[in-house]
Amino acid sequence: MPHDTIVVLDYGSQTAQLIARRVREVGVYSELFPWDVPTERIMALEPKGIILSGSHHSVYEPGAPTLPHYVLDSGLPVLGICYGMQLLTHTLRGKVAPSQAREYGPAVLTVDGDIPLWAGLPDTLDVWMSHGDRIEAPPPDFLPLAHSHNSPVAAIGNPDRQIYGIQFHPEVSHTTHGKDILANFAIRVCGCRPDWTAGKVIDDVVEQVRRQVGSKRVLLGLSGGVDSSVVAALLHKAVGGQLVSVFIDHGLLRQGEADQVIETFRQAMGLNLVAVNATEEFLEALDGIVDPEAKRKCIGELFIRIFEREARKLGEIDYLAQGTIYPDVIESAAPDRPNAQRIKSHHNVGGLPVDMRFDLVEPLRYLFKDEVRRVGEALGLPEEIVWRQPFPGPGLAVRCLGEVTWERLERLRAADAILIEELRAAGMLRGETSQAFAALLPVHSVGVMGDGRTYGETVALRAVTTDDFMTADWARLPSDLLARISARIVNEVANVSRVVYDITSKPPATIEWE
Ligand code: XMP
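From a predicted model like this one, the values you see are computed outputs, not experimental measurements.

Scoring rules and cut-offs
Residues numbered from 1 in each chain as written. Predicted model: local features only at pLDDT ≥ 70, side-chain atom pairs only at ≥ 80, totals over all residues. Heavy atoms only, no water. Helix = DSSP H or I, 4+ residues; strand = E, 2+ residues; numbered from the N terminus. Rg over C-alpha atoms; globule rule 2.2 N^0.38 Å. Buried < 20%, exposed > 50% of the residue type's maximum accessible area, 1.4 Å probe, protein only. Core = buried A, V, L, I, M, F, W, Y, C linked by side-chain atoms within 4.5 Å. Domains from an automatic or database assignment. Contact = heavy atoms within 4.5 Å. Pairing = 2+ DSSP bridges. Axes fitted to C-alpha atoms, helices over the stretch in contact; angles between N-to-C directions. Phe/Tyr/Trp six-rings, centres within 6.5 Å; stacked < 30°, edge-to-face > 60°. Parallel < 35°, antiparallel > 145°, perpendicular 65-115°, else oblique. Right-handed = clockwise from strand over helix to strand, strands pointing away. Polar contact = N/O pair within 3.5 Å; in protein donor to acceptor, adjacent residues only side chain to side chain. pLDDT = per-residue confidence, 0-100. Salt bridge = Lys/Arg side-chain N within 4 Å of Asp/Glu carboxyl O.

S.K.: Can you lay out the overall build of the chain for me, pointing to particular residues and giving the numbers?
M.R.: Assigned secondary structure in the chain consists of 15 helices and 18 strands. Compactness check: the chain gives a C-alpha radius of gyration of 26 Å against a globular reference of 24 Å for 514 residues, within 12% of the reference. Viewed in the frame of its principal axes, the chain has a C-alpha envelope of about 80 × 60 × 40 Å. By residue count, 55% of the 514 residues in the chain fall in the buried class.

Right, here's the structure in full:
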């Protein structure tokens, strides 16, 4: 059954994606498109309402993005946010002008008028503003519906036409009732049913996959990360024995991880799982390589080679499943958001083999990461997998600085396991840290244990907080927790004589050390 859908048109604001995420969080399906996407793509979805995002542009700038005709012609409810509001005002012959003071940051908003958009809200709200232009006069037939200190007209609306504009950003967490405003728009103004739940997503995806795949066979590269694990569980539900999953243990996983993947998927879920222990092949290939990019390249290539080799053994297979998620789809559809310069070559398990021909099955294509996790939970995947922190495809090789040997990997695994165990015991593994791990540095230092001198390697602890992994701050872990972790590592892990805590943010550093 099709969903009631809200379309978000992306005018380039940093937070456009967040708008779609927040709408979905209130249970209404939402999709994000570049503002100039062909009309037919939007109309094919039969949306119940349209949201216009913010932008760094000004409506008076030559070449500034415009309002596609169908937005007003369709008669659908519209909500313009920031630039979206200015664009509505400009198009409908109101007055937009540069404000004397650029308003950036928190502001207090007073709402005026008894309209569905404000239903259930207090009279004043803490909101987040970020704009240079402001509304001097609403278009004819539009009412001013809110004001702030710097914006005499901070919201406008024509309740009969169900067209609204707001100057602030409801999608960011600093706007206290932002989600309620988006819920009011989607549910009260547009009349959407809030039926976008994990259970519904699963039913839909299962049906789509069955329709796509028929009785053919599907191959999946399973890494044990959140995305490929949820793909595995979904496809297993959809096509059962037609799915063959290949798990390649490159020997660069964390402590106990390979066993957990095999236990969860083969034993507990009954998946048709081919587990390949390729540790020796990887260690041989990595022998003597210390350059980070050379490590990544070596692992990526060998991975694909082994994956192809295993796939060939399985006979005729038509489909390859991939854990592409919605942000990847959005990024690739938006050529005006070029990816930043390539800092590291990323390698993902299950990358498309070079000379094999498959059609793709991408069951997570329309899901944000938090939705993937909720689907995983609803499918009964264990918490350690669903809430697993991100882990790089090349695994511990890029956390074992210098040469990658089995002995050093084991040292690193032991230190990392202590860090994770202590963070979990302190309740800081979920939420307080977005990603935490140990890195092993090929730096020897002198220590003293008992009466003896030691000369072991250095463990660097890394714990960061971040929303999107593009920027990150180091986590302010309590010093007694750090003390406990450090003492345990030096005492319990042989040949480590020093533990340091990484206090660099990203940028200028990256999250991983290599
Ligand atoms: P950096 O180190 O670039 O990492 O700040 C950002 C995030 O990406 C993860 N990462 C990878 N993920 N394949 C992946 O799937 C990779 O090759 C890779 N390298 C880094 C990193 O752990 C962090 O979450």
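S.K.: Outline the nonpolar core, supporting the account with residue identities and numerical values.
M.R.: Leu219, Ile248, Val459, Leu461 and Ile489 are the most contacted members of the largest nonpolar core, which has 50 residues in total. Counting only elements with at least two residues in this core, the list comes to strand S11 (243-249), helix H9 (279-286), helix H10 (292-313), helix H14 (406-425), strand S15 (435-449), strand S16 (452-465), helix H15 (479-492) and strand S18 (496-501). Per-domain counts for this core show at least three residues from each of domain 2 (198-386) and domain 3 (405-501). Discounting residues that sit within four places of it in the chain, Leu461 has contacts with Leu419, Phe437, Ala438, Leu482, Ile485, Ile489, Val499, Val500, Tyr501 and Asp502. Of all hydrophobic cores here, the second largest spans 42 residues; its members include Ile6, Val111, Leu125 and Cys192.

S.K.: Tell me about helix H1 (residues 16-25), and name the residues and values.
M.R.: Count 3.6 residues to each turn of an α-helix, and residues three or four apart come out pointing the same way. Within H1, seven of the ten residues are buried, leaving the element largely enclosed by the surrounding structure. Taken together, the buried positions of H1 are Ala16, Leu18, Ile19, Ala20, Arg22, Val23 and Arg24. Backbone geometry just downstream of H1 places Gly27 in the positive-phi region, at approximately 95°.

S.K.: Would you mind going over the sheet that holds strand S12 (residues 273-277) in detail, with residue names and values included?
M.R.: An order of S12-S11-S10-S13-S14 is seen for the five strands of this open sheet, with the pairing classed as parallel. Because the sheet does not close on itself, it has two edges, and the strands there are S12 and strand S14 (359-361). Adjacent strand axes in the sheet meet at a mean angle of 25°, parallel and antiparallel pairs treated alike. Across four bridges, the pairing between strand S10 (residues 218-221) and S11 is parallel. Residue pairing across strands places Val218 opposite Leu243, the latter belonging to S11. Together, S10, S11, S12 and strand S13 (319-321) form the strand contacts of H10, whose direction differs from that of S11 by roughly 140°.

S.K.: For the packing of aromatic side chains, give the residues involved together with the corresponding values.
M.R.: The way to describe two aromatic rings as a pair is by their centre distance and the angle between their planes. This model, assessed by the stated rule, comprises eight aromatic pairs. Measuring from ring centre to ring centre gives 6.3 Å for Phe282 and Phe303, while their planes differ by 55°; the resulting arrangement is tilted. Placement of the pair is Phe282 in helix H9 and Phe303 in helix H10, with a sequence separation of 21 residues. Across this residue pair, the class does not change: Phe282 and Phe303 are buried. Between Trp474 and Tyr501 the ring centres are 6.1 Å apart and the planes differ by 75°, which places this aromatic pair in the edge-to-face class. With Trp474 in strand S17 (residues 473-474) and Tyr501 in strand S18, this residue pair connects regions lying 27 residues apart in the sequence.

S.K.: Now, about the packing of H1 against helix H5 (residues 178-189): what can you tell me, with residues and values included?
M.R.: At a minimum axis distance of 9 Å, the contact between H1 and H5 shows a crossing angle of 75°. Considered as vectors, H1 and H5 are oriented roughly perpendicular to each other. Residues Arg22, Val23 and Glu25 of H1 form the contact with H5, whose own contacting residues are Lys179, Leu182 and Ala186.

S.K.: Describe the pairing of strand S2 (residues 29-34), and please don't skip the residues or the numbers.
M.R.: Across the six residues that make up S2, a large majority, five, are buried. With six bridges joining them, strand S1 (residues 5-10) and S2 adopt parallel strand pairing. Pairing of Leu9 across the sheet is with Phe33, part of S2. Crossover handedness for the path S1 to H1 to S2: right-handed.

S.K.: Before we move on, can you summarise helix H12 (residues 369-378) with the specific residues and values?
M.R.: By the burial criterion, the buried members of H12 are Glu371, Val372, Arg373, Val375 and Gly376. For H12, the secondary structure elements touched by its buried residues are H1, helix H6 (198-213), helix H7 (226-239) and helix H13 (383-386). Residue Gly380 follows H12 closely and has a positive phi angle near 85°.

S.K.: Mind laying out the side chain of Ser434, listing which residues take part and the relevant values?
M.R.: Along the chain, Ser434 falls in the loop between H14 and S15. Ser434 sits in the buried class, given a relative accessible area of 17%. Within the structure, the side chain of Ser434 is placed 2.8 Å from the backbone nitrogen of Thr466, a separation counted as a polar contact. Those residues in contact with Ser434, other than ones at most four positions away along the chain, are Gln389, Pro390, Val464, Thr465, Thr466 and Phe469.

S.K.: Tell me about the side chain of Glu257, residues and numbers included.
M.R.: Within the secondary structure layout, Glu257 lies in helix H8 (residues 257-268). Among the polar contacts made by the side chain of Glu257, one reaches the side chain of Arg254 at a distance of 2.6 Å. Residues contacting Glu257, with those up to four places away along its chain left out, are Arg388 and Phe391.

S.K.: Before we move on, can you summarise the confidence of the model for the chain with the specific residues and values?
M.R.: This prediction gives the chain a mean pLDDT of 93; 95% of its residues lie at or above 70. Segment residues 337-341: pLDDT under 50, and six contacts once partners within four positions in sequence are set aside and those in other chains are kept.

S.K.: Before we move on, can you summarise the environment of Gln212 with the specific residues and values?
M.R.: For Gln212, the position within the fold is in helix H6. We classify Gln212 as partly exposed; its relative accessible area is 36%. Sequence-wise, Gln212 and Tyr319 are 107 residues apart; in three dimensions their C-alpha atoms are separated by 9.7 Å. Once residues within four sequence positions are removed from consideration, Gln212 is found in contact with Tyr319, Leu360 and Val361.

S.K.: Explain the pattern of salt bridges residue by residue, including any values.
M.R.: Counted under the stated rule, the structure contains 28 salt bridges. With a closest N to O distance of 3.5 Å, Asp204 and Lys200 form a salt bridge. Note that Asp204 and Lys200 are positioned in helix H6 at a spacing of four residues, about one turn of the helix. For Asp204, a relative accessible area of 13% gives the class buried. A salt bridge links Glu422 to Arg488; the shortest N-O distance between them is 2.8 Å. Taken as a pair, Glu422 in helix H14 and Arg488 in helix H15 lie far apart in primary sequence, 66 residues in all. A relative accessible area of 11% means that Glu422 is categorised as buried. Each of Glu421, Glu422, Arg484, Arg488 and Glu492 takes part in one network of salt bridges that share partners.

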